[in-house]
Amino acid sequence: MADAARIAIIGAGPAGLAAAIALAEAGIACTLIDDNREAGGQIFRAGAALPPDIPGIDRRGRELRRRLAALASRIDHRRGTEVVAIDAERKLWLAGEDGRRGELPPDVVILCPGAVELFAPVPGWTLPGVFGLGGLQVLLKAGAVPEGPVVLAGAGPLLRLLAAQLIACGVELAAVVDASPLPGPGAVADMTREPALLARGLALEAAIVRARVPLLRRHAVVAIEGAGAVECVEVAPVDSEWRLTGRSRRQFRCTALGLGYGLRPNVELTLLAGAEHAFDPALGGWHVRRSPDLESSVRNIFVAGDGAGVQGVEAALAEGAIVAYAAAVRTAHPNAASLYPAAARARERLARLARFRRGLAAWSAPRAGIFDAARPDTFVCRCEDVTRREIDAALAAGFGDMRALKLRTRAGMGLCQGRVCAPIIQHLAAAATGRAPAEVPLPTARPPLRPVPATALADLPMEAAP
Ligand SMILES: Cc1cc2nc3c(=O)[nH]c(=O)nc-3n(C[C@H](O)[C@H](O)[C@H](O)COP(=O)(O)OP(=O)(O)OC[C@H]3O[C@@H](n4cnc5c(N)ncnc54)[C@H](O)[C@@H]3O)c2cc1C
């Protein structure tokens, strides 16, 4: 499979799988790299047997994995392999879970790294028993059904989806706490453009109502309490900007809390490659800029799926088809034209989905006020134990940009490298200095993106892209 190294796809979720399979079915070899043992990404994650009637489990993943296996002669699937660095010349540094290291110099790179969860800190959010909504769902798919009562809080489609899934698994839900209001008429009109997706969302809400679980709209978690682990969650109303109003508070006893305010694109690889980014709350915040062919500002680095802007599984599949055609054209493969019809259909599908996404974002994309719920002694960076008080003090001392804040407080320098705290600090910095969040760029990413053995450090590019 010598040709497979010419096109490398990073991420074997819906976008990366769709691209790899389309290329391979057209007779074009490629390399598909993913840090999981099984292909599928987040939504098609292969997991333990869950009840057959559990809502929102997308069974298409099984079929995609079957096609991937059938195309093994054309797809060099590197499982359990992480891309820990990339440079503007498209060179990739790989680290295997077995300790193996490697490098690849593909002609074309297709980045499909998906999204990461978006959090807003509140007192007690570092207690054991507090999970991200997505993290709790990953555990559920792995067969670890939490003991109730559980509270779910935050915003976005995953909130109701996970609620319905836990109910179907027989878990007692104490409350579902949603910061979003009821969707306005404009948002509803946009969402009706995709009746099947809208119907799926309404069915999830109906499952919550049928189970008689309290569903609090325009509310958010104010504090999480417990001696050594979460025992109780306090919630309060929020205003239209999702700022806590300080009015009536309610408490719910629980043994686990799922918390999350949606998703944001995983931009660490595009930042490392030196690509240009833009800010749009409707796409999850900072995201890479792309041409109509989904190419970043760095030539021959294409980006597809949630990693370029959170738009969901249907858009990720469509973008996989578009980017497969673009990569085949760029490598001047003689079979490129055979990919054109599917790419053209995918573009039409994306255009229809855009209206739905706009409505969804207008309803549930996080508002800036939610990032202000942390108190002075609340940890903002959980890896380096940096509190809100320390961030506020650094801001007051004039350290207004993300890099300066990072150097001053160590926030974002820990194990997760700012994956969790970077957007929180961005919003705190914006609010304290009277800027829009779009005026506070994320700090430069540094290789390696994940911990690697010390012996591997010597091989890595130590200069981050400008
Ligand atoms: C935790 C979580 C749970 C979700 N649950 C649902 C759900 O139940 N229903 C729903 O409709 N949508 C869900 N979503 C959203 C949905 O997963 C996405 O819309 C869709 O999967 C996007 O597909 P993708 O291919 O862009 O990314 P993903 O499916 O996220 O796939 C990206 C893949 O890239 C891998 N990767 C990332 N960086 C690297 C690297 N440096 N090296 C190697 N591999 C890398 C990731 O591990 C992952 O396997 C969820 C998202 C998250 C984050």
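Because the structure is a prediction, the values reported are computed rather than measured. (Residues numbered from 1 in each chain as written. Predicted model: local features only at pLDDT ≥ 70, side-chain atom pairs only at ≥ 80, totals over all residues. Heavy atoms only, no water.)

Each helix and strand in the protein chain was counted, giving 13 helices and 22 strands. Against the compact-globule benchmark of 23 Å for 466 residues, the protein chain has a radius of gyration of 22 Å, which places it among compact chains. The dimensions of the protein chain, computed from C-alpha atoms along their principal axes, are 65 × 50 × 40 Å. Looking at the protein chain residue by residue over its 466 residues, the buried ones come to 54%. Sequence separation of 24 or more characterises 65% of the internal contacts of the protein chain that already satisfy a separation of 6 or more. Treating the 54 positive side-chain charges of the protein chain as one cloud and the 47 negative ones as another, the clouds have centres 4 Å apart. (Helix = DSSP H or I, 4+ residues; strand = E, 2+ residues; numbered from the N terminus. Rg over C-alpha atoms; globule rule 2.2 N^0.38 Å. Buried < 20%, exposed > 50% of the residue type's maximum accessible area, 1.4 Å probe, protein only. Contact = heavy atoms within 4.5 Å. Lys, Arg positive; Asp, Glu negative; His and termini not counted. Charge placed at Lys NZ, Arg CZ, Asp CG, Glu CD.)

The next thing to look at is the site of the ligand. Not every one of the 30 residues close to the ligand is listed here, only the nearest: Ala15, Asp34, Asp35, Gln137 and Asp306. Valine 313 is positioned such that a nitrogen or oxygen atom in its backbone is 3.3 Å from an oxygen atom of the ligand. Notes on the ligand: free accessible area 980 Å², of which the protein chains cover 91%. Mapped onto the shell around the ligand, the elements with two or more residues apiece are helix H1 (14–25), strand S4 (81–86), helix H3 (133–141), helix H4 (157–168) and helix H8 (313–330). Broken down by element, the shell around the ligand gets its largest block of residues, three residues, from S4. (Near = heavy atom within 4 Å. Polar contact = N/O pair within 3.5 Å; in protein donor to acceptor, adjacent residues only side chain to side chain. Areas by Shrake-Rupley, 256 points an atom, 1.4 Å probe, with all protein chains shown as cover.)

The amide bond that connects glycine 148 to the next residue, proline 149, takes the cis arrangement and shows omega of -10°. Topologically, proline 149 is positioned in the loop between H3 and strand S10 (150–154). Residue proline 448 is reached from proline 447 by a cis peptide bond, and omega for that bond is -5°. Although it is not a glycine, arginine 90 sits at a positive phi angle of roughly 75°. Summarising the element assignment, arginine 90 is placed in the loop between S4 and strand S5 (92–96).

Evaluated as defined, the whole model comprises 25 salt bridges. Residues glutamate 103 and lysine 91 are paired through a salt bridge, measuring 3.1 Å at the closest nitrogen-oxygen approach. Here glutamate 103 is found in strand S6 (residues 101–104), whereas its partner lysine 91 is found in the loop between S4 and S5, with twelve residues between them in sequence. Classification of glutamate 103 by relative accessible area gives partly exposed; the value is 40%. The class of lysine 91 is partly exposed, set by a relative accessible area of 28%. With a shortest N-O distance of 2.7 Å, arginine 330 and glutamate 295 are connected by a salt bridge. (Salt bridge = Lys/Arg side-chain N within 4 Å of Asp/Glu carboxyl O.)

When two helices pack together, their arrangement is given by the angle between their axes and by how far apart the axes lie. The geometry of H1 relative to H8 is characterised by a closest axis approach of 7 Å and an angle of 40° between their N-to-C directions. When the axis of H1 is compared with that of H8, the two are oblique. Here H1 and H8 pass one another in a crossing that is right-handed. Between H1 and H8, the residues in contact are Pro14, Ala15, Ala18, Ala19, Ala22 and Leu23 and Val313, Ala316, Leu317, Gly320, Ala321, Val323, Ala324 and Ala328, respectively. Looking at the contact of H1 with H8, its residues break down into 13 nonpolar, one polar and no charged. (Axes fitted to C-alpha atoms, helices over the stretch in contact; angles between N-to-C directions. Parallel < 35°, antiparallel > 145°, perpendicular 65-115°, else oblique. Left-handed = near helix turned anticlockwise from the far one by under 90°. Nonpolar A, V, L, I, M, F, W, Y, C, P; charged D, E, K, R; others polar.)

Right, let's talk about the environment of alanine 344 for a bit. Structurally, the position occupied by alanine 344 is in helix H9 (residues 340–364). Take alanine 344: its relative accessible area is 23%, and that puts it in the partly exposed class. When the C-alpha positions of alanine 344 and alanine 321 are compared, they lie 8.8 Å apart, and in sequence the two are 23 residues distant.

Here we come to the packing of aromatic side chains. Two measures describe an aromatic ring pair: the distance that separates the ring centres and the angle between the ring planes. Following the criterion strictly, the structure yields four aromatic pairs and no others. Each ring, one from phenylalanine 119 and one from tryptophan 125, has its centre 6.4 Å from the other, and the planes form 50°; the classification is tilted. For the pair phenylalanine 119 and tryptophan 125, one class covers both residues: buried. Pairing tyrosine 325 with tyrosine 340 gives two aromatic rings, centres 5.4 Å apart and planes at 70°, and the pair type is edge-to-face. Highlighted residues: tyrosine 325 in helix H8 and tyrosine 340 in helix H9, separated in sequence by 15 residues. The residue whose ring lies beneath arginine 382 is tryptophan 125, and the NZ or CZ to ring-centre distance is 4.7 Å. (Phe/Tyr/Trp six-rings, centres within 6.5 Å; stacked < 30°, edge-to-face > 60°. Lys NZ or Arg CZ within 6 Å of the ring centre and 35° of its normal.)

Within the secondary structure, threonine 378 is located in the loop between H9 and strand S21 (379–381). Using a relative accessible area of 4% as the deciding quantity, one classes threonine 378 as buried. Discounting residues that sit within four places of it in the chain, threonine 378 has contacts with Pro121, Val122, Pro123, Trp125, Val386, Thr387 and Arg388.

In this model helix H12 (residues 422–433) runs 16 Å from its N-terminal to its C-terminal C-alpha over twelve residues, within 8% of the 16 Å that 1.5 Å per residue would give. Where burial is concerned, most of H12 is hidden: nine out of the twelve residues are buried. The set of residues buried in H12 consists of Ala422, Pro423, Ile424, Ile425, Gln426, His427, Leu428, Ala429 and Ala430. Structurally, H12 contributes buried residues whose contacts are with strand S17 (263–265), strand S18 (277–280), strand S19 (285–288), S21, helix H10 (388–396) and helix H11 (402–409). Just past H12, the residue glycine 434 takes up positive phi, approximately 65°. (Expected span 1.5 Å × (residues − 1).)

All right, on to the domain arrangement of the protein chain then. Structurally, the protein chain comprises domain 1 (2–116 + 264–360), domain 2 (122–261) and domain 3 (374–466). A separation of 29 Å is found between the C-alpha centroids of domain 1 and domain 2. Contacts between the two partners involve 19 residues from domain 1 and, on the opposite side, 19 residues from domain 2. Summing the contributions of domain 1 and of domain 2, the shared interface buries around 1,800 Å²; its carbon and sulfur component is 64%. Ranking the residues of domain 1 by area buried against domain 2 places Pro55, Arg355 and Phe356 at the top, with a combined share of 33%. (Domains from an automatic or database assignment. Buried area = accessible area lost by both parts, 1.4 Å probe.)

In space, the three strands of this open sheet follow the order S4-S5-S6, with antiparallel pairing throughout. The open sheet terminates on both sides in strands that have one partner only, identified here as S4 and S6. Mean inter-strand twist for the sheet, computed between neighbouring axes without regard to direction, equals 30°. (Pairing = 2+ DSSP bridges.)

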